[in-house]
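Structural overview
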Amino acid sequence: VAGLARLDPDTLWYDRAGFGSTVVLQNLATRERVSYTLVTGEMLDLDEDQVTLASPLGQAHLGRAAGERIAGDTPQGTKRFRIVSVLTLPQVAGVEPVPAAAGR
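Definitions and limits used
Sequence order sets the numbering: in each chain, residues are counted from 1 along the sequence as written. Reporting in this predicted model follows two pLDDT cut-offs: at least 70 for local features of residues, and 80 or more for side-chain atom pairs to be given and counted; totals over whole chains, interfaces and linings ignore these cut-offs and use all residues. By convention in this description, side-chain values take in all heavy atoms of the structure and omit both hydrogens and water. A run of H or I in DSSP counts as a helix once it spans at least four residues, and a run of E counts as a strand once it spans at least two, with each numbered from the N terminus. Contacts: residue pairs with any heavy atoms within 4.5 Å of one another. Buried Ala, Val, Leu, Ile, Met, Phe, Trp, Tyr and Cys residues form a nonpolar core when they are joined through side-chain atoms within 4.5 Å. Between buried and exposed lies partly exposed: a residue is buried under 20% and exposed over 50% of the maximum accessible area for its type, with that area taken using a 1.4 Å probe on protein chains only. Two strands qualify as a pair provided that DSSP identifies no fewer than 2 bridges between them. Angles shown run from 0 to 180 degrees and are taken between the N-to-C directions of axes, each axis being a line fitted to C-alpha atoms and, for helices, limited to the stretch in contact. Each patch groups residues whose relative accessible area exceeds 30% and which form no salt bridge, using 9 Å between like charges and 5 Å between nonpolar side chains of Val, Leu, Ile, Met, Phe, Trp and Tyr. Shrake-Rupley sampling with a 1.4 Å probe provides the accessible areas, and residues are treated as covered by the protein chains on show and by no other component. Salt bridge, as applied in this entry: a Lys or Arg side-chain nitrogen positioned within 4 Å of an Asp or Glu carboxyl oxygen.

**Digging into the environment of Glu32**
- When you line up the elements, Glu32 lands in the loop between β1 (22–27) and β2 (33–39).
- Sequence spacing of Glu32 and Phe81 is 49 residues, and the spatial spacing of their C-alpha atoms is 9.5 Å.
- If we skip the residues at most four places from it in the chain, Glu32 touches Leu25, Gln26 and Asn27.

In structure tokens:
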């Protein structure tokens, strides 16, 4: 919650990866699946499979939806993934999406 005060509200999409989203990825080379939650740097817990929004991998996720392909730099080099699913913070909280006509 501490990081929410400094968070850009435009990164809280209902249907795309943003702050607090849990994404399931499939590595395109190995077919292995991994899951990460996108957080701010102050909230990062490496034991909880989290990635910061500021990291290259976090930036690659930002605003992306299930089915899209991304490439992200990791300590082991650039890896390519397909986003299998995205569970957003608004979805978890039960917040209804804002209609497009309302400006989002």
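**Focus: the nonpolar core**
- Counting residues in each nonpolar core, the largest one holds 13 residues, and the members touching the most others are Leu25 and Ile70.
- Ranked by residues supplied to this core, first place goes to strand β5 (residues 77–87) with 3 residues.
- If we skip the residues at most four places from it in the chain, Ile70 touches Leu25, Ala60, His61, Arg64, Lys79, Arg80, Phe81 and Ile83.

**Things to note about the sheet that holds β1**
- In space, the 5 strands of this open sheet follow the order β3-β2-β1-β5-β4, with mixed pairing throughout. The outermost strands of the open sheet, each flanked by one partner alone, are β3 (50–52) and β4 (69–74). Here the strands of the sheet are splayed against their neighbours by 45 degrees on average, with no regard to which way each runs.

**Remarks on a nonpolar patch on the surface**
- Where nonpolar side chains cluster on the molecular surface, the patch consists of Leu87, Leu89 and Val92 and spans about 250 Å² of accessible area.
- Tracing the backbone through its elements, the reader meets Leu89 in helix α2 (residues 89–93).

**With respect to the environment of Val34**
- Tracing the backbone through its elements, the reader meets Val34 in strand β2.
- The exposure class assigned to Val34 is partly exposed, which follows from its relative accessible area of 23%.
- Val34 sits 49 residues away from Ile83 along the chain, and the two C-alpha atoms are 9.9 Å apart.
- Residue contacts for Val34: discarding those within four places in its chain leaves Val23, Val24, Leu25 and Phe81.

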